[in-house]
Every structure is written in structure tokens, then in C-alpha cells.
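Residues per chain, in single letters:
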Amino acid sequence: MPDETEMDLDGHSVEEQLKAFQISSLKDEDLDEEEGEAADSNSDDVDDDDCEAEPVTLGFVEKPKNGWSLLCHMFPSKAGGLPAWLDPINLPSGKSSLCDICQTPLQFLLQVYAPISAKESTFHRSLFVFMCTSMECILQDKREQWKCPPEKASRSVKVFRCQLPRSNPFYSSEPPRGDGTDKPSGIGARLCNWCGTWNGDKVCSSCRKAHYCSEKHQVMHWRSGHKFVCRQMKTSSESSNSIPVNNRTTSNKLEKVASNTLWPEYEIINEDECEFDIEMSEDNGYSSSLVSNDRSDETFKALLKHFEADDDKKSWTSFQECIGKAPEQVLRYCRSPRAKPVWPISSGRPSQVDAPKCRYCGGPSVFEFQILPQLLYYFGVKDDVDCLDWSTIAVYTCEASCEASLSYKEEFAWIQV
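Residues numbered from 1 in each chain as written. Predicted model: local features only at pLDDT ≥ 70, side-chain atom pairs only at ≥ 80, totals over all residues. Heavy atoms only, no water.

J.: I keep staring at the state of the cysteines and nothing clicks. Help me out?
T.: Linking two cysteines covalently via their sulfur atoms produces the bond known as a disulfide. Inspection of the entire model under this criterion finds 0 disulfides. Not part of a disulfide, Cys-358 finds its nearest cysteine sulfur in Cys-402, a span of 3.6 Å. (Disulfide = S-S within 2.5 Å.)

Have a look at this one:
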């Protein structure tokens, strides 16, 4: 977990910067009419004590201490960089990898390793979150997510669930030693040379060696300099660490990715929220909350003026108090039928009806984790107009974690902006 006394180049502590990294308020007039109506009709679902209902695991980000700890055979939880695909061959493909709104390949946000011991088929289980980096698409997504089946919503935030039994083609049945001597799985899909994320099933027609997930990434790679090295690539030998076999690669290290727009890579470290409850009870002067406990604080009063509805004020206050126990948290995890997200805003949050049933087995979906906007601070996203932003992203997954034949099953994300 990051050191609370860590300083940046300007002499400000991380804690101070996180306090200043406030979540944008949502004005009532920004809500779509259907969102307001849905919120009113589902007022019985409101629970001001969401953060205390079930034990919660908090996720914090740290820079990885070595290069191997975040590879797929180490079953990591991580944010930014490239996904460590659990099934390294049968990746999501086609439109699944694209933003439904702008048709651009989605960027990897984070993944959570969340096995379920009660089932053999979920001995290994990871959830992968991807999103479009266009704020315009995110705002459109916020409106689209209210659509109910059979009407299909266009999404710019997508979640994929992958699970494997203990005995599988990719990994040893024994747990990794974690000392750097564990061997990688060995094979994987040929990935896009630009983003390093999605299946590179398209080939440069000139050199026949560069692979891409989409025409957009092929154009971006060409403009960034591939047109100058394409001729050399025609005659260059294949890398000794990467030999193509039926559109797959055997590799001992990650291939270099051409894109320079990936978010910085972090390991996600888990802590029990109850530990921070103890710390706060032992230190009544604890001051690292995102919002002061002094209700007369002028900044807080000014913020509350944005919320005309009492429910929104209560929800915002509860959210800030709950997050303030550990302001550096970027993720809250609790997979339980009773678990609920901590919503920053009461209006514009889903009811049980709005969370769709599993598209594969038809069973109910349950809340599993939420992603907090503090992650944007660690990614270096500036708090500017039109920059990427969200209040929270809540992820719902199949309650049964069903076993469809598809390796990566798409789950449901609800975003508040």
C-alpha cells in the first residue's frame, strides 16, 4: 500500500493530493428524465449504510517490485499496462473488443483475480475491465445503460469474466512459488502490435509481420513510424523469443508495444476495510478523509449546494465518510448476495431490475466490486474539461459464475459520472 507520507516533486504528500482530487458533483439538470424517474420508483432500494452491510476488501495500487509478478501465470490483480489474460488464447474478439459507440478498441483499465473455492470450474477466476478513453462515449454509455433487454445498449465500459479449473491446459495445478522461478504458460494469441491487448488477427499487407486488432490501430502504427521500418521487417528474422505457430506465439517475455498511450501499470494490493475502522477508532484526530468531518467546512457546504435532493446529499456524505477511512483506495470488493456499492449519488443508480440477468444462463447478477475515481490520479489523468472522469464504476457478475462454453463471458458495469 502506498506510503501516506510519500512526497511528489512539488513537496505535496500523496494524501494531500488525493484530498484535492475531488469527484465532480452531478447536477440534477444533468440527469436524464428516465434516470430521475427510475431513481424515484426505486427509492425503496436506498440504503445509507451500504458500506457497513458486508465485510469489504479494499484495493490499493503499488508499483510492481519486479517484472514477473504481474504475468498471467502469477494470477495477478493489476491496473493499467497490459492485461494478463487468464486464458491466453481464446480472447474476446470481434465487436466485444470495441467501444459500441465510436468503434475504437477499448483500453485495459484493470483486472481482479477472484477465484471461488466452492466450485471446481472457478479454481482460477479473473475479471477484466476495459473502457473507451473518450468522455463523450462515457456520457453516452451513462444514458445507454438504462435500456432494458431485449433492447441492446451500446456500451463503452465492458467487463469480461474468465475462469478455469485447477487442471487446465495453461497452468500447473500447483500454486506458483512467487520467487521468480515460475515458468510462463508458454503460448498465447498473437496480439496487436500497437495496443498489445487484443487479438492481432489482421496483418500488415506489406511486411506480413505486424499484426493488428483493428484497422484503426494499423493506421496509428503506420503513422507513428511503422511505414519507415516496414521494409526492414520484410527481411528481418522472427524474434528468437517469439515464433509464430498457427497465429499463436510462444514467448518468454512480453513483446514490445508500439502505443505510448497505455496507462501506467500497478499491482493491486488488498487490505480488509475493518483494519481502517480500527485505525480511526484509535486515532480520533485522523485527518486523511476526502472530506472534513466538520460539517461547517465551507468547501463541503459549497459542494452540497449542487445537490437539491436530500437523498443525494445523504448519499454523497455517506460516500465521502466511507471512502475517507482509506482515501488511497481505488477498488472496493465484496462478492455477497447482500453486498451493494457505495453510491456517490442516490439518483441515477440502478435497482435490482436494472442490473440485467446473466446473458448466458439467465440467472441473477450480483454486485462484486466497484472502481473509484482515485485510480485516475495514479494514471496521471488531469482534472480538466472533457478529460476522462467517473464517480464510480460498479461491476455486476453472474451469481452462479456460470460455465458457458465461451472463455470470456461479458458481464455488466454500471457507471456514474
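J.: Can you walk me through unusual backbone geometry in this structure?
T.: Comment: phi is negative for the bulk of residues other than glycine, and the bulk of peptide bonds are trans. We note that Gln-103 has phi near 65 degrees; this positive angle belongs to a residue other than glycine. Of note, Gln-103 is situated in the loop between strand 2 (78–79) and strand 3 (107–113). Residue classification places Gln-103 among the partly exposed residues on the basis of a relative accessible area of 38%. Although it is not a glycine, Arg-208 sits at a positive phi angle of roughly 60 degrees. The topology assignment puts Arg-208 in the loop between strand 7 (202–203) and strand 8 (211–212). (Helix = DSSP H or I, 4+ residues; strand = E, 2+ residues; numbered from the N terminus. Buried < 20%, exposed > 50% of the residue type's maximum accessible area, 1.4 Å probe, protein only.)

J.: Would you take a moment to explain the environment of Arg-161 for this structure?
T.: One can find Arg-161 in strand 5 (residues 157–164). Note on Arg-161: relative accessible area 0%, which makes it buried. Separated by 245 residues in the primary sequence, Arg-161 and Leu-406 place their C-alpha atoms 9.9 Å from one another. Beyond its immediate chain neighbours, meaning those up to four positions away, Arg-161 contacts Arg-125, Ser-126, Leu-127, Cys-398, Ser-401, Cys-402, Ser-407, Tyr-408, Lys-409 and Glu-411. Polar side-chain contacts of Arg-161 include one of 2.8 Å to the side chain of Gln-163. Here Cys-402 takes part through its backbone oxygen, which lies 2.9 Å from a polar atom of the side chain of Arg-161. (Contact = heavy atoms within 4.5 Å. Polar contact = N/O pair within 3.5 Å; in protein donor to acceptor, adjacent residues only side chain to side chain.)

J.: How should I be thinking about the packing of aromatic side chains in this particular structure?
T.: The geometry of an aromatic ring pair is captured by two quantities: the separation of the ring centres and the angle between the planes. If you walk through the whole model with that rule in mind, you get 22 aromatic pairs. Aromatic pair Trp-85 and Tyr-408: ring centres 5.1 Å apart, planes at 85 degrees, arrangement edge-to-face. Remark: Tyr-408 occurs in the loop between strand 14 (392–398) and strand 15 (409–416) and Trp-85 occurs in the loop between strand 2 and strand 3; sequence separation between them is 323 residues. Both residues of the pair, Trp-85 and Tyr-408, count as buried. Between Phe-412 and Trp-414 the ring centres are 6.1 Å apart and the planes differ by 55 degrees, which places this aromatic pair in the tilted class. (Phe/Tyr/Trp six-rings, centres within 6.5 Å; stacked < 30°, edge-to-face > 60°.)

J.: What should I look at first to understand the environment of Trp-263 in this one?
T.: One can find Trp-263 in the loop between strand 10 (248–251) and strand 11 (266–272). Along the backbone, Trp-263 and Phe-108 are 155 residues apart, and their C-alpha atoms lie at a distance of 8.2 Å. Leave out the neighbours within four places in its chain, and Trp-263 touches Gly-80, Gly-81, Gln-107, Phe-108, Leu-109, Met-131, Thr-133, Phe-379, Val-381 and Leu-388.

J.: Looking at this model, I keep getting lost on the pattern of salt bridges. Mind explaining?
T.: Pairing of side chains with opposite charge becomes possible as their charged atoms draw close. If you walk through the whole model with that rule in mind, you get 15 salt bridges. One salt bridge connects Arg-338 with Glu-54, and the closest N-O pair in it is separated by 3.1 Å. Taken as a pair, Arg-338 in the loop between strand 12 (331–333) and strand 13 (365–371) and Glu-54 in the loop between helix 3 (50–53) and strand 1 (57–62) lie far apart in primary sequence, 284 residues in all. A residue is classified by how much of its surface remains accessible, and Glu-54, at 16% relative accessible area, is buried. Of the charged contacts in the structure, one is a salt bridge between Glu-410 and Arg-359, with a shortest N-O distance of 3.7 Å. Separated by 51 residues along the polypeptide, Glu-410 in strand 15 and Arg-359 in the loop between strand 12 and strand 13 bring together distant segments of the chain. Using a relative accessible area of 51% as the deciding quantity, one classes Arg-359 as exposed. Salt bridges here are not isolated pairs; linked through shared partners, they connect Arg-125, Arg-335 and Glu-368. (Salt bridge = Lys/Arg side-chain N within 4 Å of Asp/Glu carboxyl O.)

J.: How should I be thinking about the pairing of strand 14 in this particular structure?
T.: Note on strand geometry: in a regular strand, side chains alternate between the two faces of the sheet. Within strand 14, 7 of the 7 residues are buried, which leaves it mostly tucked inside the rest of the structure. Judged from the 6 bridges that link them, strand 13 and strand 14 form a sheet pairing that is antiparallel. The partner of Gln-370 across the bridge, within strand 14, is Ala-394. (Pairing = 2+ DSSP bridges.)

J.: Help me out: how do you make sense of the sheet that holds strand 1 in this one?
T.: Strand pairing in a sheet is mediated by backbone hydrogen bonds. Such pairs are either parallel or antiparallel. The sheet built from 10 strands closes into a barrel, its strands ordered 1-11-2-3-4-5-15-14-13-12 with antiparallel pairing. Two strands pair when backbone bridges link them, and strand 2 and strand 11 are joined in this way by 2 bridges, in the antiparallel orientation. Across the sheet, residue Lys-78 finds its bridge partner in strand 11, namely Glu-267. Across the sheet, helix 4 (residues 135–144) is in contact with strand 4 (124–131), strand 5 and strand 15; its angle to strand 15 comes to roughly 100 degrees. (Axes fitted to C-alpha atoms, helices over the stretch in contact; angles between N-to-C directions.)

J.: Please clarify how the nonpolar core should be interpreted in this entry.
T.: Most often, soluble globular proteins have nonpolar side chains that are buried together. Leu-109, Leu-110, Phe-369, Leu-375 and Trp-390 are the most contacted members of the largest nonpolar core, which has 33 residues in total. Core analysis: the second largest hydrophobic core is formed by 31 residues, Ile-89, Leu-91, Phe-128 and Tyr-212 among them. (Core = buried A, V, L, I, M, F, W, Y, C linked by side-chain atoms within 4.5 Å.)

J.: Got a minute to help me understand helix 8 (residues 310–323) in this structure?
T.: In an α-helix, one turn spans 3.6 residues, which is why side chains three or four residues apart end up on the same side. With 14 residues, helix 8 extends 20 Å from end C-alpha to end C-alpha; this agrees with the ideal 20 Å at 1.5 Å per step. Looking at helix 8, one finds that the buried residues are Asp-312, Ser-315, Trp-316, Thr-317, Ser-318, Phe-319, Gln-320, Cys-322 and Ile-323. (Expected span 1.5 Å × (residues − 1).)

On their own, these measurements won't tell you what the molecule is for.
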